[in-house]
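What the coordinates show
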Amino acid sequence: MACIDELDPEVLLRGASFAECRALVEKRCREVYYVDPGYAIFDTHIIGVPPIAVGVEEDTFIILPYTKPCYGTFLIRVSGGEEVERLRRKGRRRP
Amino acid sequence: MTTQAHKNESALLVFGCPEVPVQAAIGLYLAGRLGEGGYDVLSSGNPSVLVLLRVSDIKKHYIGRTIDLDRCIGEVAEGKRDAGLCVVFAHNDAGISYAASMRYLLPEARLVVIVFGRNAEELAAGVEFPCEKVVEKAVHNPGRLKKGIDEVFGWRA
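Residues numbered from 1 in each chain as written. Chains lettered and ligands numbered in written order. Predicted model: local features only at pLDDT ≥ 70, side-chain atom pairs only at ≥ 80, totals over all residues.

Turning our eyes to something else, we now look at the overall build of chain A. Across its full length, chain A carries two helices and seven strands. Secondary structure elements of chain A, listed N to C terminal, follow the sequence β-α-β-β-β-β-β-β-α. Each of the 95 residues in chain A was classed as buried or not, and the buried ones make up 42%. In chain A, the proportion of contacts linking residues at least 24 apart, taken out of those at least 6 apart, comes to 55%. (Helix = DSSP H or I, 4+ residues; strand = E, 2+ residues; numbered from the N terminus. Buried ≥ 20, exposed ≤ 12 C-beta atoms within 10 Å, placed from the backbone. Contact = placed C-beta atoms within 7 Å.)

Now the structure itself:
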C-alpha cells in the first residue's frame, strides 16, 4: 500500500476545518460515502469528527480530508485505485 | 476524581503541533503526575513534539514511552492499542479533530481535552462530543492551565 504523500495529491482545501471539508465533499461529489474516524485509505487512517464525508469522482479519484497536527486539515484528491471499490463496500451512503 | 490508577491502567497523551509553548510544559507536568499516580503513560505526537519533550527530560523523569502519532492512531483504530485515560491537547481545529477521533476510537476511555491557545474558547465551542474539557487562553504562561488540569484530575488542595 502507498502512503498518501506519495500519491501526488491534488489539494482542494488547505488549512480547512473538518466542517468545511465535509461541506465541499457533499457539494462537489455526486458519489459520497460516510466513514468513521480511523478508516484507512491506503496507509492513512482518517481523522475527524464523525461521520466523515469521502467522495468518489470519475470512478477513479477519492476526495478525503487529511489532517496534520501543524497544518490543519487538507481536502485532497488522489487516484483511488482499488480503494474506490473498498470504499463503496465499506462506506455508508448516509451520514 | 482520584488520580490513583487501577493496576495496569494506561494513559495516552495525544500532543498537537508544538508551536504553542505551554503544551510542552503541561505535557511534562501531566506525564509526571499521571506516572506518579500509577498510570502507564504513553505520549504520542509528531516527530518534532516528541523530540522537544525528550530533550526537555534528559533523565526521563517525566516522559516515558513515546510513539509516532500516525502509528498510534493506526494501532488504536486496528484495536491493537487501548487506554483507560486519553488526554488530547488541542490549540487548533486539527487538535479538535484528533480529540473527536479518539472519542470514537476509545469509547470506554475517560477523555480529557485540553483546549488552549489564543482561540481556546472558540475552539472549545466546537467540542460537541462527550469529554471533560480544560479551556484556557494560555500561550506562554501555563499557570492557569495547570490549575484547570489540577481541578479536573483532583490535584488541587
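On to the environment of Ser17 of chain A. Residue and element names in this part refer to chain A. Among the structural elements, Ser17 can be located in the loop between strand S1 (10-16) and helix H1 (18-28). Classification of Ser17 as buried rests on a count of 20 C-beta atoms within 10 Å. Along the backbone, Ser17 and Gly81 are 64 residues apart, and their C-alpha atoms lie at a distance of 27 Å.

To continue, consider the packing of helix H1 (residues 22-36) of chain B against helix H2 (residues 47-56) of chain B. All names here are of chain B. Between H1 and H2, the shortest axis-to-axis distance is 10 Å and the interhelical angle comes to 60°. It follows from the interaxial angle that H1 and H2 lie oblique. At the point where H1 passes H2, the crossing takes the right-handed sense. Seen from H1, the contacting residues are Ala24, Gly27 and Leu28; seen from H2, they are Leu52, Leu53 and Ser56. (Axes fitted to C-alpha atoms, helices over the stretch in contact; angles between N-to-C directions. Parallel < 35°, antiparallel > 145°, perpendicular 65-115°, else oblique. Left-handed = near helix turned anticlockwise from the far one by under 90°.)

This part covers the nonpolar core. One recurring pattern in soluble globular proteins is that nonpolar side chains are buried together. Core analysis: the largest hydrophobic core is formed by 77 residues, its most contacted members being Val54 of chain A together with Val14, Cys86, Val87, Val88 and Ile114 of chain B. Apart from residues lying up to four places away in sequence, Val87 of chain B is in contact with Ala11, Leu13, Val14, Leu30, Val112 and Ile114 of chain B. (Core = buried A, V, L, I, M, F, W, Y, C linked by C-beta atoms within 7 Å.)

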